[in-house]
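Structural features, examined
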Amino acid sequence: MRVTEFSEPLIGELTQIEAEAFGDGGLNRWTFPVLIRHGAIYVLRCDGKICGIADIIKDWMDPGLAFLVNFVIRKGERNKGLGTIFLEKLIAILKDDGIKRLQLTVDPANKQAIRVYKKLGFKLITELSDEYGPGVDRFLYELELEE
């Protein structure tokens, strides 16, 4: 599930999936190798193909905090419950790794993602105005992983 080694075909596939979902906001050929080596990339496979990606970094100031940079289910695989399943598995892994809180940002218009996050217990912390440039607002959500 966690990507620890990479090849050109793998980086190409990951980049394509993120570009379809996030455009310029997705990770790319330059950022994937760095995050694989120094952060964490998790993939969900369906019938041998990558159908989901989760990009994670830890917070330097708070080692118990992880941030979900990007989370995507490939087009054509959405609306099957895979996002919920993948995120539940990811949360369990992060708990085992000693992460105490998981944060993420989401487009306020992405109602489907927000429903999944709320279903899994994420709480809205704040709205981040102009987070990714003028007029590009995000909601900041957090999940407490400690029991």
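A few points on the structure. (Residues numbered from 1 in each chain as written. Predicted model: local features only at pLDDT ≥ 70, side-chain atom pairs only at ≥ 80, totals over all residues. Heavy atoms only, no water.)

**Notes on the pairing of strand β2 (residues 40-46)**
Of all seven residues in β2, six are buried, a share of seventy percent or more. As paired elements, strand β1 (residues 2-3) and β2 share two bridges and run antiparallel to each other. Note that in β2 the partner of Arg2 across the bridge is Tyr42. Where β2 and strand β3 (residues 49-58) come together, seven bridges link them in antiparallel fashion. For Cys46, the partnering residue across the bridge sits in β3 and is Lys49. What sits between β2 and β3 in their antiparallel hairpin is a turn of two residues, with Asp47 showing a positive phi close to 55 degrees. (Buried < 20%, exposed > 50% of the residue type's maximum accessible area, 1.4 Å probe, protein only. Helix = DSSP H or I, 4+ residues; strand = E, 2+ residues; numbered from the N terminus. Pairing = 2+ DSSP bridges.)

**Some details on the sheet that holds β3**
Pairing in this open sheet of seven strands is mixed, and the strands run β1-β2-β3-β4-β5-β7-β6 from one edge to the other. Only two strands of the sheet have a single neighbouring strand rather than two, namely β1 and β6 (123-128). Sitting on the sheet, helix α1 (residues 8-22) is in contact with β1, β2, β3 and β4 (65-73), with an inclination near 85 degrees to β3. (Contact = heavy atoms within 4.5 Å. Axes fitted to C-alpha atoms, helices over the stretch in contact; angles between N-to-C directions.)

**Topic: the side chain of Arg74**
Relative to the assigned elements, Arg74 resides in the loop between β4 and α3 (82-96). Using a relative accessible area of 14% as the deciding quantity, one classes Arg74 as buried. At 3.3 Å, the side chain of Arg74 forms a polar contact with the side chain of Glu13. Apart from the residues lying within four places of it in its own chain, the contact partners of Arg74 are Glu13, Gln16, Ile17, Lys49, Ile50 and Cys51. (Polar contact = N/O pair within 3.5 Å; in protein donor to acceptor, adjacent residues only side chain to side chain.)

**What to know about the side chain of Glu142**
Mapping Glu142 onto the fold places it in strand β7 (residues 138-144). Classification of Glu142 as buried rests on a relative accessible area of 13%. Within polar-contact distance, the side chain of Glu142 engages the side chain of Gln103 at 2.6 Å. In contact with Glu142, not counting residues within four places along its chain, are Arg101, Leu102, Gln103, Gly121, Phe122, Lys123 and Ile125.

**Structural notes on the pattern of salt bridges**
The final tally for this structure, using the stated rule, is six salt bridges. Two residues, Asp62 and Arg101, come together in a salt bridge whose shortest N-O distance is 2.7 Å. Of the two residues, Asp62 is situated in the loop between β3 and β4 and Arg101 in strand β5 (residues 101-106); the sequence distance between them amounts to 39 residues. In the salt-bridge network here, residues are joined through shared partners; they are Asp62, Arg101 and Glu142. (Salt bridge = Lys/Arg side-chain N within 4 Å of Asp/Glu carboxyl O.)

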